[in-house]
Amino acid sequence: MKHWFSTKTFEVNGKTIRQPFGKVKIYLLIFVLFFVGSFAFINTDQFVFQINQLFKIIEALFRPRSFNDIHGNTTYDTWAHYFEYMWNLRHVLFYTIKMCFIGTFVGSVFAIPFSLFCANNVNSNHWVVQIARAILNFIRTIPTLVIALIAVFFLGLGYFPGIIAISIFSFSILSKMLYEVIETIDMGPCEALESCGANKLKVIKLAIMPQIMPIIWGYVLYIFEINIRASVILGYVGAGGIGQEMQDAMELRRYDKVGAILIVLMLLVMVLQFVVGKVRGHYDEAA
Amino acid sequence: MIKFVHVNKVYPNGFQALTDINLEIQDGEFVAIIGLSGAGKSTLLRTINKMIPITSGEAYVDGNDISKLNKKELRMLRRTIGMVFQSFNLVKRSSVINNVLAGRVAYNSTLSTMFGIFPKSDKMLALEALDKVNILEKAFVRADQLSGGQQQRVALARALSQQPHLILADEPVASLDPITTLDVMDDFKRINESMKITIIANMHHVDLALQYAHRIIGLKEGKIVFDGPVSAVNDEILLQIYGRPISEKEKLGVVEKEALV
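Because the structure is predicted, anything quoted here is derived from the model rather than measured.

What counts, and at which threshold
- Residues numbered from 1 in each chain as written.
- Chains lettered and ligands numbered in written order.
- Predicted model: local features only at pLDDT ≥ 70, side-chain atom pairs only at ≥ 80, totals over all residues.
- Heavy atoms only, no water.
- Helix = DSSP H or I, 4+ residues; strand = E, 2+ residues; numbered from the N terminus.
- Rg over C-alpha atoms; globule rule 2.2 N^0.38 Å.
- Contact = heavy atoms within 4.5 Å.
- Areas by Shrake-Rupley, 256 points an atom, 1.4 Å probe, with all protein chains shown as cover.
- Axes fitted to C-alpha atoms, helices over the stretch in contact; angles between N-to-C directions.
- Left-handed = near helix turned anticlockwise from the far one by under 90°.
- Nonpolar A, V, L, I, M, F, W, Y, C, P; charged D, E, K, R; others polar.
- Pairing = 2+ DSSP bridges.
- Core = buried A, V, L, I, M, F, W, Y, C linked by side-chain atoms within 4.5 Å.
- Buried < 20%, exposed > 50% of the residue type's maximum accessible area, 1.4 Å probe, protein only.
- Phe/Tyr/Trp six-rings, centres within 6.5 Å; stacked < 30°, edge-to-face > 60°.
- Lys NZ or Arg CZ within 6 Å of the ring centre and 35° of its normal.
- Patch = residues over 30% accessible without salt bridge, like charges linked within 9 Å, V, L, I, M, F, W, Y side chains within 5 Å.
- Salt bridge = Lys/Arg side-chain N within 4 Å of Asp/Glu carboxyl O.
- pLDDT = per-residue confidence, 0-100.
- Parallel < 35°, antiparallel > 145°, perpendicular 65-115°, else oblique.
- Expected span 1.5 Å × (residues − 1).
- Arc of directions from axis to C-beta.
- Polar contact = N/O pair within 3.5 Å; in protein donor to acceptor, adjacent residues only side chain to side chain.

Draft legend 1. Structural context of the overall build of chain A. When you go through chain A residue by residue, the secondary structure sums to 12 helices and four strands. For a compact globule of 287 residues, the expected C-alpha radius of gyration is about 19 Å, and chain A comes in at 26 Å, more than 25% above that figure. If you take every contact in chain A between residues at least 6 apart in sequence, the share linking residues at least 24 apart comes to 64%. On chain A, roughly 17,800 Å² of surface is accessible, and the fraction owed to carbon and sulfur atoms is 69%.

Draft legend 2. Quick peek at the packing of helix 8 (residues 159-182) of chain A against helix 10 (residues 200-234) of chain A. All names here are of chain A. In contact at an axis separation of 10 Å, helix 8 and helix 10 are set at 145° when each is read in the N-to-C sense. Between helix 8 and helix 10 the crossing geometry is right-handed. In contact with Gly162, Ala165, Ile166, Phe169, Ser170, Ile173, Leu174, Met177, Leu178, Val181 and Ile182 of helix 8, helix 10 contributes Ile212, Ile215, Ile216, Tyr219, Val220, Tyr222, Ile223, Ile226, Asn227 and Leu234. A class-by-class count of the residues in the contact of helix 8 with helix 10 yields 18 nonpolar, three polar and no charged.

Draft legend 3. Highlighting the sheet that holds strand 3 (residues 30-34) of chain B. All names here are of chain B. Read from one edge of the open sheet, six strands run 6-7-8-3-9-10, paired in mixed fashion. Looking along the sheet, the strands with just one partner apiece sit at the ends: strand 6 (81-84) and strand 10 (223-229). Looking at each pair of strands side by side, their axes are set apart by 15° on average, direction ignored. Bridge count between strand 9 (residues 215-220) and strand 10: six bridges; the pairing is antiparallel. Bridge assignment links Arg215 to a residue of strand 10, and that residue is Pro229.

Draft legend 4. Structural context of the nonpolar core. If you look at the biggest cluster of nonpolar residues, it comprises 86 residues, and the most contacted ones within it are Ile167(B), Phe188(B) and Ile216(B). The dominant element in this core, judged by the number of residues it contributes, is helix 10 of chain A, at 10 residues. Leave out the neighbours within four places in its chain, and Ile167(B) touches Gly82(B), Val84(B), Leu156(B), Ala159(B), Leu160(B), Phe188(B), Ile191(B), Ile197(B), Thr198(B), Ile199(B) and Ile200(B).

Draft legend 5. Broad picture of the packing of aromatic side chains. What the rule picks out here adds up to nine aromatic pairs over all chains. A ring pair is formed by Trp79(A) and Tyr82(A), whose centres lie 5.2 Å apart and whose planes are at 70°; its orientation type is edge-to-face. Taken together, the residues span about one helical turn, with Trp79(A) and Tyr82(A) both in helix 4 (residues 79-88) at a distance of three residues. Above the face of the Tyr76(A) ring, Arg63(A) is positioned so that its terminal group lies 3.9 Å from the ring centre. Geometry around Tyr107(B) places Arg104(B) over its ring, the cationic atom sitting 4.0 Å from the centre.

Draft legend 6. Quick peek at a nonpolar patch on the surface. Residue and element names in this part refer to chain A. On the surface, a nonpolar cluster with roughly 740 Å² of combined accessible area is contributed by Phe49, Ile51, Leu54, Phe55, Ile57, Ile58, Phe62 and Leu262. In terms of residues, the nonpolar patch owes the most to one element, helix 3 (residues 51-61), which gives five residues. Residue placement: Phe49 occurs in the loop between helix 2 (24-39) and helix 3.

Draft legend 7. Main features of the pattern of salt bridges. All names here are of chain B. Under the counting rule described, the total for this entry stands at 17 salt bridges over all chains. Here Arg215 makes a salt bridge to Asp227, at a shortest N to O gap of 2.9 Å. Within this pair, whereas Arg215 is found in strand 9, its partner Asp227 is found in strand 10, the two being separated by 12 residues in sequence. Linked by salt bridges that have partners in common, Arg153, Asp183, Asp187 and Arg190 make up one network.

Draft legend 8. Structural detail: the confidence of the model for chain B. Confidence in the prediction of chain B, expressed as mean pLDDT, is 91, and 95% of residues score 70 or more. Scoring of the predicted complex yields 0.81 for pTM and 0.89 for ipTM.

Draft legend 9. Looking closely at the pairing of strand 6 of chain B. All names here are of chain B. What you see with strand 6 is no split at all: Ile81 and Met83 on one side and Gly82 and Val84 on the other are buried throughout. The pairing of strand 6 with strand 7 (residues 166-170) spans four bridges and is classified as parallel. By the bridge assignment, Met83 is partnered in strand 7 with Leu168.

Draft legend 10. Molecular detail of the packing of helix 6 (residues 148-161) of chain B against helix 7 (residues 178-194) of chain B. All names here are of chain B. Packing of helix 6 against helix 7 brings their axes to within 10 Å, and their N-to-C directions diverge by 15°. Here helix 6 is positioned roughly parallel relative to helix 7, judged by the angle of their axes. Crossing geometry of helix 6 relative to helix 7 is assigned as right-handed. Listed contacts from helix 7 to Gly149, Gln152, Arg153, Leu156 and Leu160 of helix 6 are Thr180, Asp183, Val184, Asp187, Phe188 and Ile191. Taken together, the residues of the contact of helix 6 with helix 7 break down into five nonpolar, three polar and three charged.

Draft legend 11. Structural view of helix 6 (residues 126-141) of chain A. Residues and elements named next belong to chain A. Its 16 residues place the ends of helix 6 23 Å apart at the C-alpha level, agreeing with the 22 Å of an ideal helix rising 1.5 Å per residue. Restricting attention to buried positions, one finds in helix 6 the residues Val129, Ala132, Arg133, Leu136 and Ile139. For helix 6, the angular spread of buried residues about the axis comes to 120°, placing them on one side. Away from its buried face by more than 90 degrees, helix 6 exposes Trp127, Ile131, Phe138 and Thr141. Where helix 6 is buried, its residues touch helix 5 (90-118) and helix 8. One side-chain oxygen at the N-terminal end of helix 6 lies 3.2 Å from the backbone nitrogen of Trp127; it belongs to Asn125.

Written out as structure tokens, the structure reads:
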């Protein structure tokens, strides 16, 4: 242990060179202590792992609904009904996709200019950058559910509050992700464009955008995927779509329906993954 | 014509990069600036198109007092001054032609640039510029597909598409291999001679500077310690610039082109 913390010295051909002590070790130690320490505050008595309950719920989710007849015998609904329900979900699913699509689009359209505004290497006004980032941080601390609740309060139930909530969420997270990427780009092309007599907007268009465009595509599609999953929560506040369906199913304890919805969402996310791959691949070839 | 009178540059951190620079460069000259790393070569080059503003003194480029230019006037001046960099500074993900068209930005409105529209005449200019540096066939290839030498030629074509009367080159061959170096230097020479474009280049390679330039400016710790024709450079002067004698080997890039063929 003593050796671990001490500064190392090397003797090379009679000369001495010291390797400076790495701070990373201290941070690592603090992290480990914090992690271990946090267990001390958990009441382990309450920690019961009921594996049979886990299997029970999984069974309830991915199996047609069960009935108890008058004799107390359990019978199951047909798989046909299970899949029929899944197929009928397409309408609410489409509703959700539309909501997420518009929300992600609107959020992204605002996020791209705003992220440039927040990037230190594009916006040289230190104070403006700090204020813009503070606004972003503030928006990000509000949970999407709360934004949706506020939007429902103002705009009533339905499509519109859902879109607003998704737009605001997409805007705040994409802005944050993008300005961090923008700060890592190669500034050489920007210098070259400036030396050609380009103004700020032209530098952004010709030197910055080509560098961040493929990353933007990837992020936007990723956020779209997050939004699809988040829209399940949005259903709870009356924004409609597959979330509403999920809530209804949970209230009636129709776990078979919940399971069907989960499978449909999983399939959708998989399709999205495939599309993301295709779009990025295509973008890499073109440009 | 470029005229510097008692120019000083002090960086915000207090480092004095240039001290009392006086110089005059006529149109059509091929000037090489030599000196150790940190002697102020890059700073001097960048003060000419005000990529770095000067602290005191007067600097004139084509009769304009550059410290008095407003933003718009500065852009109008910069669009007639090409610049080439050690690391090429191309947008690697964009096609070669788009990189060359970037040289035309200041001739077009911001709105049309935002929509990515360049006039056909600009495209022709860009293609002609590529032809002048012998890589016309690479026009629609992505920039990162090219070798270092080819990328530097694209950068040179970008500068040419500006229809400049002056090209500033900051260590243009420092990241190229010895053979490509000579090709690129030949391009500079041809541009200087046939198109009458003034060239001011920072050089690491003393022998290349002596071989291609007409005039040498030696910088040491931010001061001009030598300014004169190539013929006047001798070991004594190199000793002054570099602080110690420079052997034949240390002049770098020692290959003669004929020796390679």
